[in-house]
Amino acid sequence: VVLGATLTEGAGNDWIAKAAVDGLDATESTGALLFAAFVLAMTAVRFFGGRAIDAYGRVPVLRASMAAAAAGLGLFVLAGDIWMATAGAVLWGAGAALAFPMGMSAAADDPKYAAARVSVVSTIGYVAFLAGPPLLGYLGDLIGIRLALLAIMVPILGALLLAGAAKPLRAS
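The rules behind the values
- Residues numbered from 1 in each chain as written.
- Predicted model: local features only at pLDDT ≥ 70, side-chain atom pairs only at ≥ 80, totals over all residues.
- Heavy atoms only, no water.
- Phe/Tyr/Trp six-rings, centres within 6.5 Å; stacked < 30°, edge-to-face > 60°.
- Helix = DSSP H or I, 4+ residues; strand = E, 2+ residues; numbered from the N terminus.
- Buried < 20%, exposed > 50% of the residue type's maximum accessible area, 1.4 Å probe, protein only.
- 1 Å grid on protein atoms, 1.4 Å probe; cavity = no way out; pocket = protein on both sides within 12 Å on 5 of 7 lines; lining within 4 Å.
- Points joined across faces, edges and corners; volume = space filled by probe spheres on them.
- Salt bridge = Lys/Arg side-chain N within 4 Å of Asp/Glu carboxyl O.
- Expected span 1.5 Å × (residues − 1).
- Bend = angle between axes of the 7 residues up to and from the residue.
- Contact = heavy atoms within 4.5 Å.
- Core = buried A, V, L, I, M, F, W, Y, C linked by side-chain atoms within 4.5 Å.
- Axes fitted to C-alpha atoms, helices over the stretch in contact; angles between N-to-C directions.
- Parallel < 35°, antiparallel > 145°, perpendicular 65-115°, else oblique.
- Left-handed = near helix turned anticlockwise from the far one by under 90°.
- Nonpolar A, V, L, I, M, F, W, Y, C, P; charged D, E, K, R; others polar.

## Some thoughts on the packing of aromatic side chains
In the structure shown here, the tally under the stated rule is four aromatic pairs. Seen from their ring centres, F38 and W92 are 5.4 Å apart, and the 70 degrees between their planes marks the pair as edge-to-face. Taken together, the residues F38 in helix α2 (residues 28–56) and W92 in helix α4 (residues 82–96) connect sequence positions 54 residues apart. Its relative accessible area of 0% is what places F38 among the buried residues. Aromatic side chains F47 and F48 sit 4.8 Å apart centroid to centroid with 90 degrees between the ring planes, which places their arrangement in the edge-to-face category. An aromatic cluster of at least three residues, connected via ring pairs, comprises F38, F76 and W92.

Here you go:
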C-alpha cells in the first residue's frame, strides 16, 4: 500500500510540470502552476483529511484515496488540454495525500511491533519515493514522460486492492 502511495506522490512531485510542458506544450510557468495545483490539493486534503478518516475509517478513505489518485493520474495523462490536465492533477494530488500517512499509521497499530513495522514500511516508502521518479524519467526518455506516468497506475491499483491490509487492529 505504501509503495503505491509513495510512487504516486513522488511521480507527481517530480514529473507533473515536465509532463505538462512536454506533453501538452504548456509554458514552463504553466507547468509550475500545474505542480502547484497538485501540491495545494495534497496540502488541503492532508489538513482536512483526518476528519474523513475519523468519520469513515482508514480502509474506506484509503480506497477512496487510491481511486482518486488513479482517476486523477488517468485524467492528467489522457487530457487533451491544460484545463483537463489541471483537474487531473488536483484529483491526483488529493488522492495521493493521505495514503502514506495512513500506511504509516497502520504499521504503528501494534505497540509491541510498531518500531520494527514502521521502520520497514518507511524504508519501502522512501526507497519508492526516491527510486521511482528516476525510473520514470528513464522510461519517459523512451516513450515520453506523460505516457510513462501510466506505469505507476499498477502500484496505485495494487494499493487500492490491498487497502484492507491497513485495517486497524482490534483491541485485545
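Picking up where we left off.
## Looking at the layout of surface pockets
The gaps of empty space that remain are located by a probe, the size of a water molecule, rolled over the atoms. There is about 290 Å³ of room inside the largest pocket. G103, A106, A107, V121 and A165 are the residues nearest the centre of the largest pocket, which is lined by 15 residues in total. Counting residues per element, the ones that place at least two in the lining of the largest pocket are α1 (2–24), α5 (99–107) and α6 (114–143).

## Considerations on the pattern of salt bridges
A side chain with one charge may pair with a side chain of the opposite charge, provided their charged atoms come close. Across all of its chains, the model carries four salt bridges by this definition. Among the ionic pairs, D109 bridges to R58, the shortest N-O distance being 2.9 Å. On the criterion of sequence distance, the pair formed by D109 in the loop between α5 and α6 and R58 in helix α3 (residues 58–78) is long-range, its members being 51 residues apart.

## Observations regarding the environment of I143
Among the structural elements, I143 can be located in helix α6. Separated by 31 residues in the primary sequence, I143 and K112 have C-alpha atoms spaced 47 Å apart.

## Regarding unusual backbone geometry
Leaving glycine out, the prevailing phi sign among residues is negative, and the prevailing peptide bond configuration is trans. The phi dihedral of D25 falls on the positive side, at around 55 degrees, and the residue is not glycine. With respect to the secondary-structure elements, D25 resides in the loop between α1 and α2. Taking relative accessible area as the criterion, D25 reaches 70% and is therefore assigned exposed.

## Some details on α6
In a regular helix each residue adds 1.5 Å, so 30 residues correspond to 44 Å; α6 covers 41 Å between its end C-alpha atoms and thus fits that length. The principal kink in α6, of about 30 degrees, is found at A131, preceding the proline P133 by one to four residues. Residues of α6 that are buried sit in contact with α1, α5 and α7 (145–148). Looking one or two places after α6, you find G144, whose phi comes out positive at around 100 degrees.

## Quick word on the nonpolar core
Ranked by internal contacts, the top residues of the largest apolar core, which has 46 residues, are L73, F76, W92, L149 and I152. Listing elements by their share of this core, those giving two or more residues are α1, α2, α3, α4, α5, α6, α7 and α8 (153–161). Among the elements that take part in this core, α1 stands out by supplying nine residues, more than any other. If sequence neighbours within four positions are ignored, L73 has contacts with G88, W92, L149, I152, M153 and I156.

## Side note on the packing of α3 against α5
At their nearest, the axes of α3 and α5 sit 10 Å apart, and the two run at 150 degrees to each other. Here α5 runs roughly antiparallel to α3, going by the angle between their axes. The hand of the α3/α5 crossing is left-handed. Residues R58, V61, L62, S65 and M66 of α3 lie in contact with α5, whose contacting residues are A99, M102, S105 and A106. Considering only residue class, the contact of α3 with α5 consists of six nonpolar, two polar and one charged.

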